[in-house]
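Summary of structural features
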Amino acid sequence: MSVFGGDSWGREAQYRKRRVDDLIIEGIDGCGYKKLPNGKLVCLLCPHHPVLDTPLMLSMHVKGSRHRAAESEQKERELSRQYQINKRIALADSSSTAVSSTSSEVRCGSTKTPLIEQVHKAASEILAGESPQCSTMDKSPDVRSDICYYKKENQSIAKSNATEVVAAPEVAFQQQLDYKNRRERELKLISAGWKRDAHGRWFKDENVEFDSDEEDPNVYLGQ
Amino acid sequence: MFLYSLTLQRATGMVCAINGSFSGGKSQEIVVARGKILDLLRPDDNGKLQTLLSVEIFGVIRSLAQFRLTGAQKDYIVVGSDSGRVVILEYNKEKNYFDKIHQETFGKSGCRRIVPGQYLAIDPKGRAAMIGACEKQKLVYVLNRDTATRLTISSPLEAHKSHTITYSICGVDCGFDNPIFAAIELDYSEADQDPTGVAASEAQKHLTFYELDLGLNHVSRKWSDQVDNGANMLVTVPGGGDGPSGVLVCAENFVIYKNQGHPDVRAVIPRRADLPAERGVLIVSAAMHKQKSMFFFLLQTEYGDIFKVTLDHDNDRVKELKIKYFDTIPVTSSLCVLKSGFLFAASEFGNHALYQFQAIGDDPDVEASSATLMETEEGFQPVFFQPRKLKNLVRIDQVESLMPIMDMKVINLFEEETPQIFSLCGRGPRSTLRILRPGLAISEMAVSQLPGVPSAVWTVKKNVNDEFDAYIVVSFANATLVLSIGETVEEVSDSGFLDTTPSLAVSLIGDDSLMQVHPSGIRHIREDGRINEWRTPGKRTIAKVGSNRLQVVIALNGGELIYFEVDMTGQLMEVEKHEMSGDVACLDIAPVPEGRQRSRFLAVGSYDNTIRILSLDPDDCMQILSLQSVSSPPESLLFLEVQASFGGEDGADHPANLFLNAGLQNGVLFRTVVDMVTGQVSDARSRFLGLRAPKLFSITVRGRRAMLCLSSRPWLGYIHQGHFLLTPLSYETLEYAASFSSDQCAEGVVAVAGDALRVFTIERLGETFNETAIPLRYTPRKFVVQPKRKSLIIIESDQGAFTAEEREASKKECFDAAGIGENGNAEQMENGGEDEENNDPLSDEQYGYPKAESERWVSCIRVLDPRTTQTTCLLELQDNEAAFSICTVNFHDKEYGTLLAVGTAKGLQYWPKRSFDAGYIHIYRFKEDGKVLELLHKTQVEGIPLALCQFQGRLLAGIGSVLRLYDLGKRRLLRKCENKLFPNTITSIHTYRDRIYVGDIQESFHYCKYRRDENQLYIFADDTVPRWLTAATHVDFDTMAGADKFGNLYFVRLPQDVSDEIEEDPTGGKIKWEQGKLNGAPNKVEEIIQFHVGDVVTCLQKASLIPGGGEGLVYGTVMGSVGALLPFTSRDDVDFFSHLEMHLRQEHPPLCGRDHMAYRSAYFPVKDVIDGDLCEQFPTLPVDMQRKIADELDRTPAEILKKLEEIRNKII
């Protein structure tokens, strides 16, 4: 006979204990701790992840000053991250609608090397999402086409990031596929022995043999 | 990983052979060495060679010799091996094993240049033996007899001479004077000292006589004389009253008789008329035949021509040496002339043959003689001859040989139950493609159509003492047909059998009466024609019958058993009835034991998945003695009695045993041992045989009872050399069978299948595989399978031969000259002389190709349909090109589909230095449904492409030391990427995903990776051991298996962490910039398996030989053996077998004195492989030894045998 009455008080006592534990746990934020496979609990908020034996101990820990400090820090971090994300989304949205010509000019001005200049220009155009302005530029046609190709690619990347919020999922998927195809084609060219020069143009590796009538990727990719 | 190594097909080539009377008396036997196996063969009365004994010695046999003590009746065998010991063996006829009489250690183990074992010579009077090394050492042992007439051996006497190379040794017959041994030697001490090379070019071979002084007990150099520098072999000439004594020295182009104090007698060896002038003629094997009044020698040249050499002598003076053309047979490694009039030719490559002498070459033929030897300014005048058909010899048997296996693939092209092994075997014109199927070969004697579809067949004798069967009885659905066996098989109606009803059983009952059991009764036909008929009670019908010679049990529908016995008067009397609980599925009575009146056991199988054993004793008749439950209802039962055996021709000791076999409906054969006294069953084993319930029949094989099991294919259970073997037969599905014996066919089987009656015999018992051979034209190199079209593409090439057209032209010329009509047709040339029995008088298979200059190559690419064995396309390469590598390749997004790439070399020469004119890669496309090849283009490369492989829609080629990636261009292959960092020559390439596993000819494996984004090939790991790779196969992503030319098999694995690191290197920077280690790649593979096979492995493949079996590694070797390595699946098995192996090593050391562990670790310590060949020697041990080992392992011998059987069944 036990003090709890009945024949098997052990089980009842266990239930009772579990109910108490549940009650204690209820008051604590669910994402702040984790139950380990051995039944112990670990606090996820504190930087050194203390392991606590029972829910009661966890509840005591949660009330502690150190934990509280860690908690507020965590919240702050979360907020700032949210802010950053919002900012970036906003930026991406605005860049797809209107060009901040000033910013691109500033960038062009700050750089000296022509290549970087070109790249920046191209990038800004891409960000602007407008029709290629490179036609107005004083460049040979194949270089231009090259840039156009580059631009398209980047555009698709940018878009695939940006349109996550706005565009329909099929379109995003399509674009991703496009990107994959393009990447695959590029890899094929590389494994066929083509190389890129500093201008991004394709040239033949001198150690590799080609068919005499092999198409120049600079030409057919440009179209 | 732990592996179990098992040889599936023992080596089939022969290194050397000796003949003598090893079992004593008049019988003639042959002992052959097959590398690591010692076999005893004997031609039987029909002229077929039978293997009496085959022992694996776990060592390398380098030489064999036989000797006989004076006055004895029996020959002993001396074995020179790599054990550093000389071993003398005696064949024990009673117990059928080799008895090791003496084992004398003299040096280090292994095949070393100064450790004796390479040469053996025997004093012709059997008083002494000399064992020599290639260099320096020679030891002489004195052989004698003690008072109990046992053979004794002395301590060794040294006859060493340093700085001396030995070419050949032999005993000199000098009667009962002191024994003398002759040796061809070359002293290189001066040549070694002289840096200018003058001394080396002037070095001279000498013939030296060593005399063993029996009185002083020491060996001295007695005489030395110069011989030709081309001398390569010595042959003993009879002496001591039988002949002039001395030796024959076989040299290039000459045979010289030499003896101390005798002038040289020299004769030129006749040359083939078509032999190029710069080629000499060497003797490669010799045999001496001696009778009371005469003796002669048979010498075979390297081209296969045999010459008979006779000496015209007057006491000790030789007046004339004659060399007469005898016959031409394929080149041998040993010739044995048997006293019984046979010539055994142990072929160098290809099948061995047994010939019978028709004549001994007394007819006139081309002859060279010392008397007519002409010396002119240009040298000696040659004698020419033209090879002709066999005149003095006739071939009566051949022993199949796969040697050498050049390439092998396990694949199920014919969609049979088990895969087939396709192997390229042989060399030159005797090369073949052999299709091996696991199972025994059968030879079909007769097939005849029957008027309906028969359901069963029996054979019966008329009298118990008859040798042959009298009737074949065939039962149909509603009739019975009786055929009498005589000169012909024809239907009879006066046999007394009821022919209007189907039969359930037909057998001989009593001594001379016949019994027919049909559904409504038993018909008993007495010898005098009286017929007794027993009818079933009421309307019940007989369902099943079991009978032996004196007892019959029938089961009626509903489960009633009625038991009959034959009484003293020959009447069939009902003895007992017994009601079973349900219908009887099958029943069988054990055969009547010798000297008993009745058998005690009846086995009854019921549909409730049980087998009961009932007693038939009068005391406890129909009492259930034991009960065995099985997994599925039994369909058929058979008692198989194994008689007690104490050795003898074909078996080890084992007590009498009674086995109960049951074919279950789920296709499993269930086998238990029945206690002969109590009837208790024990030691149950089961094996899945096929998709149909096995029906069991008792037949006779080699005079013993054996069991035929008919499932979806037939199987034979029989005892061979002490083992019970259950082997499939290579035959179609059969319905019912019975043993068959007539004067044309002593031990056959008659069976029904469909509406045909088939009579066949089972051949070559004890073999694992049966083979179908398809002849090829030149030495096959490699082959690939076109799995879609199920055809094989084989590349063949030979050095120093003429092309087919040239050969044909010269043949025609030769026939014209000889006046023979032109009959060697082109068809036959196609397949390199398909059949030598054809009317082609000079088949290449027999005579070899005419020899051309050594820089000339011939080669062809063949497309072969293995089903029809037809060659659908044969392209002969032109311009001295030879093919060395082959692969099929699918280039990505190109229009041709599957293409064939072949790597060739032009003008390849190995001597004096390896050189070649050019290397090419040919690309062929398949046309006409893959039957024909068409050359697309040919790309010249700067090395010989020895390895080709498809990789990511391109072609990877190993060209010399360069690994190169090719893409298909319009007019040639386009080089896309290469890596030149391989050490020597690339010989194998395997690919998996983006990894490339490259095998180097002498530096083992290199693991490479192809990076598409950089178009670069990187070597990221290699092996630390310089292995001379001969075969390789891919095991898994990190593991490769390889074999080296020293006979080792090994597995290497890239450690898991390294592999992960390489796979998780997204930028590829690490792999690119990592530093190499030990002048090699940055990472090293680990060796996980190591095993010395003792034979050069030429091909490796991961495969499973049984349906649903686990995959293992199957390999083929130069000596023509096929083996397998199976991974263990449980730790318990590993423990068990490693302990068994350990005990066997201790209790049963190898026969020729090599330590087993040392042998398997000959080059590298053996690692994680258990030698199944040693474990399988367990049943050959004496019974008490078996029990001792079993006790140590806490098991019974039967359990160990069961384990051995189980693991064997997992492999094949």
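Just so it is clear, the model here is predicted, and its values are computed rather than measured.

Cut-off values and rules
Residues numbered from 1 in each chain as written. Chains lettered and ligands numbered in written order. Predicted model: local features only at pLDDT ≥ 70, side-chain atom pairs only at ≥ 80, totals over all residues. Heavy atoms only, no water. Salt bridge = Lys/Arg side-chain N within 4 Å of Asp/Glu carboxyl O. Helix = DSSP H or I, 4+ residues; strand = E, 2+ residues; numbered from the N terminus. Buried < 20%, exposed > 50% of the residue type's maximum accessible area, 1.4 Å probe, protein only. UniProt positions renumbered as here; feature names shortened; annotations may be inferred. 1 Å grid on protein atoms, 1.4 Å probe; cavity = no way out; pocket = protein on both sides within 12 Å on 5 of 7 lines; lining within 4 Å. Points joined across faces, edges and corners; volume = space filled by probe spheres on them. Core = buried A, V, L, I, M, F, W, Y, C linked by side-chain atoms within 4.5 Å. Contact = heavy atoms within 4.5 Å. Pairing = 2+ DSSP bridges. Axes fitted to C-alpha atoms, helices over the stretch in contact; angles between N-to-C directions. Patch = residues over 30% accessible without salt bridge, like charges linked within 9 Å, V, L, I, M, F, W, Y side chains within 5 Å. Areas by Shrake-Rupley, 256 points an atom, 1.4 Å probe, with all protein chains shown as cover. Lys, Arg positive; Asp, Glu negative; His and termini not counted. Charge placed at Lys NZ, Arg CZ, Asp CG, Glu CD. Buried area = accessible area lost by both parts, 1.4 Å probe. Polar contact = N/O pair within 3.5 Å; in protein donor to acceptor, adjacent residues only side chain to side chain. Nonpolar A, V, L, I, M, F, W, Y, C, P; charged D, E, K, R; others polar. Left-handed = near helix turned anticlockwise from the far one by under 90°. Arc of directions from axis to C-beta. Disulfide = S-S within 2.5 Å.

Remarks on the pattern of salt bridges
Residues and elements named next belong to chain B. Taken as a whole, this structure holds 80 salt bridges over all chains when the rule is applied. The partner of K391 in a salt bridge is D365, and the shortest N-O contact between them spans 3.7 Å. With K391 in the loop between β34 (384-385) and β35 (393-399) and D365 in the loop between β30 (352-357) and β31 (367-369), this pair connects stretches of sequence that are 26 residues apart. On the basis of relative accessibility, which here comes to 23%, the residue D365 falls in the partly exposed class.

As for the UniProt feature "domain: Sodium channel modifier 1 acidic C-terminal" (unreviewed entry) in chain A
As annotated by UniProt and renumbered to match this structure, "domain: Sodium channel modifier 1 acidic C-terminal" (unreviewed entry) occupies residues 180-218 of chain A. Secondary structure over residues 180-218 of chain A splits into 36% helix and 15% strand, and the C-alpha atoms at its two ends are 19 Å apart.

Looking at empty space enclosed by the protein
Residues and elements named next belong to chain B. If you walk through the whole model with that rule in mind, you get seven cavities of 30 Å³ or more. Approximately 60 Å³ is the volume found for the largest cavity. Lining the largest cavity, in full, are V1058, E1061, I1062, D1065, K1070, I1071, E1074 and N1083. Among the elements of the structure, α6 (1056-1063) and α7 (1069-1073) are those that each provide at least two residues to the lining of the largest cavity.

Observations concerning the nonpolar core
All names here are of chain B. Membership of the largest hydrophobic core comes to 49 residues, with the highest contact counts inside it found for V474, F497, L708, L716, F760 and I762. For this core, the leading source of residues is strand β65 (residues 748-753), giving five residues. Not counting the four nearest positions on each side in its chain, F497 is found in contact with V460, Y471, V473, V482, V506, L514, M515, Q516, R523 and I525. Core analysis: the second largest hydrophobic core is formed by 44 residues, C174, V227, F297 and I323 among them.

Observations regarding the pairing of strand β86 (residues 1048-1053) of chain B
Taken residue by residue, a regular strand's side chains alternate between the two faces of the sheet. Residues and elements named next belong to chain B. Within β86, five of the six residues are buried, which leaves it mostly tucked inside the rest of the structure. In this structure, the hairpin formed by strand β85 (residues 1039-1044) and β86 is closed by a connection of three residues, where G1047 is found at a positive phi of approximately 90°. By the bridge criterion, six bridges tie β86 to strand β88 (residues 1086-1092) in an arrangement that is antiparallel. Paired with Y1050 across the bridge in β88 is Q1090.

Considering the sheet that holds strand β25 (residues 295-301) of chain B
Residue and element names in this part refer to chain B. One open sheet holds the five strands; their spatial order is β24-β25-β26-β27-β31, and the pairing between them is antiparallel. Each edge of the sheet is formed by a strand with only one pairing partner; in this case those strands are β24 (283-290) and β31. Pairwise comparison of adjacent strand axes, ignoring direction, gives a mean angle of 20° for this sheet. Judged from the ten bridges that link them, strand β26 (residues 305-314) and strand β27 (residues 317-328) form a sheet pairing that is antiparallel. Note that in β27 the partner of D314 across the bridge is R317.

As for a negative patch on the surface
The grouping of B:D1057, B:D1060, B:E1064 and B:E1086 at the surface amounts to a negative patch. If you trace the backbone, B:D1060 turns up in helix α6.

Quick word on the interface of chain A and chain B
Contacts between the two partners involve 16 residues from chain A, matched on the other side by 15 residues from chain B. When the two sides are added together, the surface that chain A and chain B hide from each other amounts to roughly 1300 Å², 37% of it contributed by carbon and sulfur. In terms of surface lost to chain B, no three residues of chain A exceed A:S191, A:E209 and A:D211, which account for 44% of the buried area on that side. Taken together, the links from chain A to chain B amount to four salt bridges. Close ionic contact of A:E209 with B:R972 constitutes a salt bridge, the shortest N to O distance being 3.2 Å. On the surface where chain A and chain B come into contact, there are ten residue pairs in polar contact (both at pLDDT 80 or more). The residue makeup of the side of chain A that touches chain B, split by class, is five nonpolar, four polar and seven charged.

Some details on the side chain of B:S606
Residues and elements named next belong to chain B. Relative to the helices and strands, S606 is located in strand β53 (residues 601-606). Judged by its relative accessible area of 6%, S606 falls in the buried class. Looking at S606, its side chain comes within polar contact range of the side chain of R612, at 3.1 Å. In this view, S606 contacts M580, D583, A585, R612, P633 and P634; residues no more than four positions away in its chain are not counted.

Quick look at the packing of helix α8 (residues 1131-1147) of chain B against helix α12 (residues 1197-1211) of chain B
All names here are of chain B. Between α8 and α12, the least distance of the axes is 12 Å, while the angle of their chain directions is 115°. Of the two elements, α8 crosses α12, and the hand of that crossing is left-handed. Contact residues: α8 offers D1133, F1136, F1137 and L1140, while α12 offers I1200, K1203, L1204, I1207 and K1210. Here the residues of the contact of α8 with α12 are counted per class, giving six nonpolar, no polar and three charged.

Considerations on the sheet that holds strand β89 (residues 1097-1103) of chain B
All names here are of chain B. Here five strands make up an open sheet; going across it, the order is β89-β90-β91-β1-β92 and the pairing mixed. Here the strands that pair on one side only, and so sit at the sheet edges, are β89 and β92 (1169-1171). Averaged over all adjacent pairs, the angle separating strand axes in this sheet is 25°, with direction ignored. Pairing analysis gives six bridges linking strand β1 (residues 3-9) to strand β91 (residues 1122-1127), with the strands arranged antiparallel.

Description of α6(B)
Residue and element names in this part refer to chain B. The complete set of buried residues in α6 reads V1058, S1059 and I1062. Taken around the axis of α6, the buried residues stretch over an arc of 100°, which confines them to a single face. Set apart from the buried face of α6 by more than 90 degrees, the exposed residues are Q1056 and D1057. For α6, the secondary structure elements touched by its buried residues are β81 (995-1000), β82 (1004-1011), β83 (1016-1022) and β87 (1083-1084).

Some points on the environment of A:Y15
By the secondary structure assignment, A:Y15 is in helix α1 (residues 9-26). The spacing of A:Y15 and A:D211 is 196 residues in sequence and 81 Å in space, taken between C-alpha atoms.

A closer look at the state of the cysteines
Residues and elements named next belong to chain B. By the definition in use, this model includes zero disulfides over all chains. Unpaired in terms of disulfides, C16 finds its nearest cysteine sulfur in C336, a separation of 9.5 Å. Owing to a relative accessible area of 12%, C16 belongs among the buried residues under this scheme. Here C425 stays unpaired: no disulfide links it, and the sulfur of C1099, its closest cysteine neighbor, is 8.8 Å away.

Focus on a nonpolar patch on the surface
A surface patch of nonpolar side chains, about 290 Å² in accessible area, is lined by B:W1028, B:F1046 and B:Y1163. Mapped onto the elements, B:Y1163 comes out in the loop between α9 (1156-1160) and β92.

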